[in-house]
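Structure at a glance
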Amino acid sequence: VTAILPSFNAASFIGATLASLDAQTYPSLEILVGDDGSSDGTPEILREWAASRPHVRLILRTSNMGWIDNCNDLMSKARGEYMFFAYHDDELEPDYVASLVKALQSEPGATLAYGHLERVEADGTTTVFTGNRTGTMATPFKRAAAMIVGTQWHVANYGVFRAEAASRVGGLKRNEAGEFAADFPWILNMMLLGRFVAVPAKLCTKRIRGENLSRSW
């Protein structure tokens, strides 16, 4: 399994993400980190962290590529049969990888497995998103129709997916709004290739900050 960790100006909070990766119970985990030209102390934190961990590969970019190109480049370099996006402002439960890989292995035709996502706002209020069974329907048409009218499709973006399926999709792509919501068509394409598996447990926490990935990259 390869963790795809894109980072940018995350010095004040990336420590929690790194600690949650260190705590994973899954025994065979590659962590591939791409820092996108951060101007704060993020590269130094990552360099020190990676130095004592042989399963971590670190790429320090000299200029900002944007999160799409960063993620696509990391995916092209990954060695794992499975992958997941370990965004720099996410915290994963210790059994995140183990639970989702087990779910995928139990359904060979599935392309992605995800759990519940807890979102913590800047004021401390929390909301747990279950995904509303995104991508779990039997046919591609039913899966696509449910996603288009649903409001929790984004939860699937915090799951573990098969590298082979991601390769068939061809990576994240820009749209008329640039990089905004580029994960929507990516998730849609993944579910057209195969159904998703929903694990009924909270496995990921996202903390919303003014400088987080989705708001400032």
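Presented here is an overview of the structure given in this document. Given the structure is predicted, the values throughout are model-derived calculations rather than measurements. (Residues numbered from 1 in each chain as written. Predicted model: local features only at pLDDT ≥ 70, side-chain atom pairs only at ≥ 80, totals over all residues. Heavy atoms only, no water.)

**Concerning unusual backbone geometry**
Put simply, the rule reads: Helical segments are the DSSP runs of H or I of at least four residues, strand segments are the runs of E of at least two, and each set is numbered from the N terminus.
The phi torsion at Asn9 lies on the positive side, around 45°, for a residue other than glycine. Counting through the fold element by element, Asn9 comes out in the loop between strand S1 (2-7) and helix H1 (14-22). A positive phi angle is found at Arg133, which is not glycine, with a value near 60°.

**Topic: helix H2 (residues 42-51)**
Stated formally: Only protein chains enter the accessibility calculation, which uses a 1.4 Å probe; a residue is then buried when its area is under 20% of its type maximum, exposed when over 50%, and partly exposed in between. Directions from the helix axis toward the C-beta atoms define the arc.
All buried positions along H2 are accounted for by Thr42, Pro43, Leu46, Trp49 and Ala50. Looking down the long axis of H2, one finds its buried residues gathered within 135° of arc, a one-sided arrangement. Among the exposed residues of H2, those oriented more than 90 degrees off its buried face are Glu48 and Ala51.

**A closer look at the packing of helix H5 (residues 140-149) against helix H7 (residues 183-193)**
Selection criterion: Every axis in this analysis is a line fitted to C-alpha atoms, fitted for helices over the stretch in contact. Angles between the N-to-C directions lie between 0 and 180 degrees. For classification purposes, angles smaller than 35 degrees are called roughly parallel, those larger than 145 roughly antiparallel, those between 65 and 115 roughly perpendicular, and all remaining angles oblique. Here a crossing is taken to be left-handed if its near helix is turned anticlockwise relative to the far helix by less than a right angle, and right-handed if that turn runs clockwise. A contact between two residues is defined here by any heavy atoms of the two lying within 4.5 Å.
Interaxial distance between H5 and H7 falls to 9 Å at its minimum, and their mutual angle equals 160°. Relative to H7, the element H5 is oriented roughly antiparallel. Between H5 and H7 lies a crossing of right-handed hand. Contacts between H5 and H7 involve Pro140, Arg143, Ala144 and Met147 from the former and Phe184, Ile187, Leu188, Met191 and Leu192 from the latter.

**Topic: the pairing of strand S9 (residues 196-207)**
Filter applied, for reference: A pair of strands is treated as paired once DSSP finds two or more bridges between them.
Two elements, strand S5 (residues 90-92) and S9, share three bridges in a ladder whose sense is antiparallel. Across the sheet, Glu91 pairs through a bridge with Thr205, a residue of S9. As judged from the eight bridges shared by strand S6 (residues 112-120) and S9, these two strands associate in the parallel manner. Bridge assignment links Glu118 to a residue of S9, and that residue is Thr205.

**Some words on the pattern of salt bridges**
The criterion, for reference: Salt bridge, as used here: a side-chain nitrogen of Lys or Arg that lies within 4 Å of a carboxyl oxygen of Asp or Glu.
In the structure shown here, the tally under the stated rule is 15 salt bridges. With a shortest N-O distance of 2.9 Å, Arg61 and Asp73 are connected by a salt bridge. With Arg61 in the loop between strand S3 (56-60) and helix H3 (67-77) and Asp73 in helix H3, this pair connects stretches of sequence that are 12 residues apart. Residue classification places Arg61 among the buried positions, given a relative accessible area of 15%. When the shortest N-O distance is used, the salt bridge between Arg195 and Glu107 registers 2.3 Å. Residue Arg195 is found in the loop between H7 and S9, and its partner Glu107 is found in the loop between helix H4 (96-105) and S6; the two are separated by 88 residues along the sequence. Among the charged side chains, a network of salt bridges with common partners joins Glu30, Arg57 and Arg79.

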